[in-house]
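Each chain is listed here by its residues.
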Amino acid sequence: MQTNRTILFAEINPERLNLLTMISDVRGKNSLDDEKIKEINETLLVGSLDEFMEKFSPVVYSWCDAGSGSIQYSLVKPEHIPENCITEIPLNENNDLLNMLITLLDTKRAQGVANVDFGFANVMDMISPRKIMEDIRQVRREIRYTYEKYAELDEEDPKRLDLGDTLNYQFEQASQNYNNVLAMLPLAIEDSKTRLLLGSGEAKQGGPDFKAGLLSLGEDGELKILEMKQEESTELAVVEDEISTSLTEAFKEDYDALNEEKSDYVRELVVRTFCPLSTAMDSTIDRETEMRHYNQYLEFYKKSKDDFVKAVKPLIEKILGVKAFFDQYQVKEKGMQPKLLITNTPLDMMVKSSNLPRLLAYLNTTNDKNEFDNTIWFGIVPDVELNQTDGGKLQRVRFAGNRKVERQGTNSMESLATLMNALLPYRITTFFSFCTGEETTFSYIATEGIQVFKEKCLPLMKKEYSEFVVPCIPNATIIPKDKSGLVLDRRIVMDESGNTALSNEKEDILKMWLEGIYVGAAYEAAGIVAAWQCPEYLKERFRNTSMEYPGVRFDVEADDNALLAATSMTKEISGFTNAIKNSINHTGFGFVFSSDNAKYKDREIKNITVYKARNLLSNGSEFEPIYKTLVVTYIERMLRFSSGDFKQDKILKFFSSNPSSQKSRWDTDRSHVNSILQNGDELDYTIDEKYGICNVQVTFANTTRNLKVQLTRKAGEK
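Residues numbered from 1 in each chain as written. Predicted model: local features only at pLDDT ≥ 70, side-chain atom pairs only at ≥ 80, totals over all residues. Heavy atoms only, no water.

A.B. asks: Pulling in residues and values, what's your account of the overall build of the protein?
C.D. replies: Check the secondary structure of the protein and you find 23 helices and 25 strands. Counting the 718 residues in the protein, one finds 52% classified as buried. Working note: accessible area of the protein is about 35500 Å², and carbon and sulfur atoms make up 47% of it. (Helix = DSSP H or I, 4+ residues; strand = E, 2+ residues; numbered from the N terminus. Buried < 20%, exposed > 50% of the residue type's maximum accessible area, 1.4 Å probe, protein only. Areas by Shrake-Rupley, 256 points an atom, 1.4 Å probe, with all protein chains shown as cover.)

Right, dumping it as structure tokens:
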């Protein structure tokens, strides 16, 4: 029985199918048929980040506004703008921003250093025009190498056809940005800079017009650089001319074929970018015009990139959240691999009274049957509003300060409560995290504590569903706000002699700020709990693992379990003070991550670990560990399975003292880290004959949890 399928209540791409649309009208239906479940799985269920990116194709839409002279961005496709004016920017491995953030995550993990010591600027430089051009140069080398091999072979040679397939793919990748002006701007910026500063080094002054030269020794032994005659310069290029000319024509033809609205400048820019010729450099350029173009490109690129980041950040953080979910499952031998079902619809839409019956029909099918392949065990709700109170109102703003921007797409506490009430019968443990930002980081909790989060969760406490609600803190910081600045480049200036150079003045340095990038703790928490459900995951970390049981009884807070089952995320700070730890330990509130310094058998633990794993069910003095709820849920489902939907005679066998009964097997097998019953645990039952109810009592050391199931009796039984 799998015990780790997870449902994510979030919208990724509004243009793709969502759970509500696929379930459609459920009037008169209590559940869905097998074909519908299969279709939902094929469309919305993913087992890796790559599968998620393929099925949901996250995208941002851009269009030009002639009125404001700017590029606009939206995560929702605008309906009032002509189709041919909208550019789709896919958020995939080719997107410079997403690629940079994934690289940063992997680099931090490899280095294992805290935020204060990590060189964020080094990795963030990946999205500067200079670095983008370096990537293009690598693509250029690969295309040229492939084309040279291709041109050498006979037309019918099978190897040539294979190389043709490779060239088609390489051209396809190169062509994705032909009509995306913003993507071409870094190329135009570097192209202008190269032509303005030719021969003068990246940061030096652009002197007189370039003239090709040859190094020689004079008759008297004097070292001289002589101007090369035009025919000599041409001879040097003859060898490469044939390949370069063919590639040039191929790129021109490709650009023309893919663009109805053609631009001679962009066409030439594409050619200069992907197949520059040594003889094609124009030795005489209008420096003033070229400088004006360069500075205009650079300023427009900065403004557009700033706007792009603001629009796309919420979606980027969701993508990184899905990556964090799957990253927790670090296993050599794949076993019970976590799967994620994406609803692809906003939470407030899901919990509308007109839509909830659709979700319930789906869960009746997956969670209320004697078949567990599709059972949902966990839920993720990111971005729950925190509504921190601001300081006193200012009568006059004297200095530039933070502008409070109301974040779109956050989930209200009311929507979360409505969802949890609906999920209660289906026993889905749901991890939620608060909106990302400075107020939900390790650094904030290290100084301010957790009281504000506890107060925010009060409406969810002392409810029937409280044991299934798990508040997760703190959110992970990918790039801290104060380290999110990136120098794009410097303006070019011209001196009185007409020479150009990169300016060293502070006001001429163009910098953009990402304003911090974060990942909701709910993704990480659900990911690590889903990972430790797999016996293979536990076996690689603990010697005393049973391959027969899932990880429902795994208590991460016991012994050194948290150190051995650490997350994939790197430590961010040096830890919490004892005062903060005491406040967390006092009631054991929430699913809390720790960034403390720790060692296990002289091995330094460089990753974030789980400090507390509690839900919102409280006995008055402390909150309940989530494993207790998971064990009761597991027993209920095993009982349903073994008894054929709670048939009384089979329930009696389940609990009998016979050594082969399920209860007896659990009783005698208590020595594993994932044993269903461990030392101090007890499992008992009573049957209420009058009402046909089986009362199951599960005792964990000092607390007893009750489970009631309605018996199915044979005909004639009372």
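A.B. asks: Let's hear about the pattern of salt bridges: which residues, and what values?
C.D. replies: Under the criterion given, the structure shown has 26 salt bridges. Close ionic contact of Asp306 with Lys302 constitutes a salt bridge, the shortest N to O distance being 2.8 Å. Of this pair, Asp306 and Lys302 both sit in helix α11 (residues 287-327), 4 residues apart, roughly one helical turn. Take Asp306: its relative accessible area is 14%, and that puts it in the buried class. Residue Lys302 is classed as partly exposed on the basis of its relative accessible area of 24%. For the salt bridge of Asp508 with Arg491, the shortest nitrogen-to-oxygen distance reads 3.3 Å. Remark: Arg491 occurs in the loop between β13 (485-490) and β14 (492-494) and Asp508 occurs in the loop between β15 (500-502) and β16 (509-513); sequence separation between them is 17 residues. The two residues Asp508 and Arg491 agree in class, both being buried. (Salt bridge = Lys/Arg side-chain N within 4 Å of Asp/Glu carboxyl O.)

A.B. asks: Can you break down the sheet that holds strand β10 (residues 429-434) residue by residue, with the values?
C.D. replies: If you trace the 9 strands from one edge of the open sheet to the other, you get β2-β8-β1-β9-β10-β11-β18-β21-β22, paired in mixed fashion. Either end of the sheet is taken by a strand with one partner, and the two such strands are β2 (45-46) and β22 (623-625). Strand direction decides the pairing type here: strand β1 (residues 6-8) and strand β8 (residues 340-342), joined by 3 bridges, are parallel. When the sheet's bridge partners are listed, Leu8 is paired in β8 with Ile342. The strands touched by helix α21 (residues 626-642) within the sheet are β9 (378-384), β10, β11 (469-473), β18 (591-594), β21 (609-618) and β22, with β22 carrying the most contacts at an inclination of about 55°. (Pairing = 2+ DSSP bridges. Contact = heavy atoms within 4.5 Å. Axes fitted to C-alpha atoms, helices over the stretch in contact; angles between N-to-C directions.)

A.B. asks: Describe helix α2 (residues 34-44), naming the residues involved and giving the relevant values.
C.D. replies: Taken as a whole, α2 has its buried residues at Ile37, Ile40, Asn41 and Leu44. For α2, the buried positions fall inside an angular range of 100° around the axis, keeping them on one side. Opposite its buried face, α2 presents the exposed residues Glu35 and Glu42, each directed more than 90 degrees away. Against α1 (19-23), β2, α3 (49-56), β8 and α13 (356-367) lie the buried residues of α2. Capping the start of α2, Asp33 holds a side-chain oxygen 3.2 Å from the backbone nitrogen of Glu35, two or three residues further along. (Arc of directions from axis to C-beta. Polar contact = N/O pair within 3.5 Å; in protein donor to acceptor, adjacent residues only side chain to side chain.)

A.B. asks: A description of the sheet that holds strand β23 (residues 681-688) should follow, citing residues and the corresponding values.
C.D. replies: The strand order across the open sheet built from 3 strands is β23-β24-β25, with neighbouring strands paired in antiparallel fashion. Single-partner strands in this sheet number two, and they are β23 and β25 (703-710). Taken pair by pair, the neighbouring strands of this sheet meet at an average axis angle of 20°, ignoring direction. Across 8 bridges, the pairing between strand β24 (residues 693-700) and β25 is antiparallel. Paired with Val696 across the strands is Leu707, a residue of β25.

A.B. asks: Requested: an account of the packing of aromatic side chains, with residues and values cited.
C.D. replies: Taken as a whole and assessed by the stated rule, the structure comprises 21 aromatic pairs. Relative to Phe326, the ring of Phe325 has its centre 5.1 Å away and its plane inclined at 85°; by these criteria the two rings are edge-to-face. Judged by its relative accessible area of 12%, Phe326 is buried. On the basis of an interplanar angle of 80° and a centroid distance of 5.5 Å, the ring pair of Phe432 and Phe434 is categorised as edge-to-face. Since its relative accessible area comes to 1%, Phe434 is described here as buried. Among the aromatic residues, those joined into a ring-pair cluster are Tyr634, Phe654, Phe655, Trp666 and Tyr685. (Phe/Tyr/Trp six-rings, centres within 6.5 Å; stacked < 30°, edge-to-face > 60°.)

A.B. asks: So what's going on with the side chain of Thr633? Which residues, and what values?
C.D. replies: Relative to the helices and strands, Thr633 is located in helix α21. For Thr633, a relative accessible area of 1% corresponds to the buried category. Here Arg427 takes part through its side chain, which lies 2.8 Å from a polar atom of the side chain of Thr633. Among all residues touching Thr633, those that are not within four sequence positions of it are Trp377, Arg427 and Phe468.

A.B. asks: Residues and numbers for the nonpolar core, please.
C.D. replies: One recurring pattern in soluble globular proteins is that nonpolar side chains are buried together. Counting residues in hydrophobic clusters, the biggest one holds 201 residues, and the most contacted among them are Phe431 and Phe591. Per-element accounting of this core gives the leading share, 17 residues, to α11. Of all hydrophobic cores here, the second largest spans 5 residues; its members include Val59, Tyr61, Ile81 and Ile86. (Core = buried A, V, L, I, M, F, W, Y, C linked by side-chain atoms within 4.5 Å.)

A.B. asks: Give a description of a negative patch on the surface that names residues and reports values.
C.D. replies: A cluster of acidic residues, Asp33, Asp34, Glu35, Glu42, Glu371 and Asp373, forms a negative patch at the surface. Its place among the elements puts Glu42 in helix α2. (Patch = residues over 30% accessible without salt bridge, like charges linked within 9 Å, V, L, I, M, F, W, Y side chains within 5 Å. Lys, Arg positive; Asp, Glu negative; His and termini not counted. Charge placed at Lys NZ, Arg CZ, Asp CG, Glu CD.)

A.B. asks: Explain α13 residue by residue, including any values.
C.D. replies: Helix length check: α13, at 12 residues, gives a terminal C-alpha distance of 16 Å against a target of 16 Å (1.5 Å per residue), a fit within 8%. Most of α13 is tucked away, with 9 of its 12 residues classed as buried. Along α13, the residues that are buried comprise Leu356, Leu359, Ala361, Tyr362, Leu363, Asn364, Thr365, Thr366 and Asn367. Contacts made by the buried residues of α13 are with α1, α2, β8, α12 (347-350), α14 (413-423) and α21. (Expected span 1.5 Å × (residues − 1).)

A.B. asks: Lay out the environment of Ile509 in plain terms, naming residues and giving numbers.
C.D. replies: The residue Ile509 is located in strand β16 in this model. Residue class for Ile509 comes out partly exposed when judged on its relative accessible area of 35%. For Ile509 and Leu488, which are 21 residues apart along the polypeptide, the C-alpha to C-alpha distance reads 7.9 Å. Once residues lying within four places of it in the same chain are set aside, the contact partners of Ile509 are Val487, Asp489 and Arg490.

A.B. asks: Describe in detail the environment of Met413, supporting the description with residues and values.
C.D. replies: Positionally, Met413 belongs in helix α14. Of the residues examined, Met413 reaches a relative accessible area of 5% and is grouped as buried. Distance in space between the C-alpha atoms of Met413 and Leu386 is 8.7 Å, their sequence separation being 27 residues. For Met413, the contacting residues outside a window of four places in its chain are Val384, Glu385, Phe434, Lys456 and Leu460.

A.B. asks: Which residues make up the pairing of β23, and what are the values?
C.D. replies: Inspection of the sheet shows β23 paired to β24 by 8 bridges, in the antiparallel sense. Paired with Leu683 across the strands is Val698, a residue of β24. The antiparallel hairpin formed by β23 and β24 contains 4 residues in its connecting segment, where Gly692 sits at a positive phi of about 65°.

A.B. asks: Describe in detail unusual backbone geometry, supporting the description with residues and values.
C.D. replies: The peptide bond linking Ile473 to Pro474 adopts the cis configuration, its omega dihedral lying at -15°. At Arg427, a residue that is not glycine, the phi angle is positive and equals roughly 50°. Mapped onto the secondary structure, Arg427 falls in the loop between α14 and β10. Positioned with a positive phi, Asp559 is a non-glycine residue whose angle comes to about 50°. Structurally, the position occupied by Asp559 is in the loop between α18 (535-539) and α19 (561-564). You can call Asp559 exposed: its relative accessible area is 75%.

A.B. asks: Let's hear about the state of the cysteines: which residues, and what values?
C.D. replies: Under the defined criterion, the tally for this structure stands at 0 disulfides. Cysteine Cys64 is unpaired, with the sulfur of Cys85 as its nearest cysteine sulfur at 8.5 Å. Residue Cys64 is classed as exposed on the basis of its relative accessible area, which comes to 62%. Not engaged in a disulfide, the cysteine Cys457 finds its nearest cysteine sulfur in Cys472; these two sulfurs lie 9.7 Å apart. (Disulfide = S-S within 2.5 Å.)

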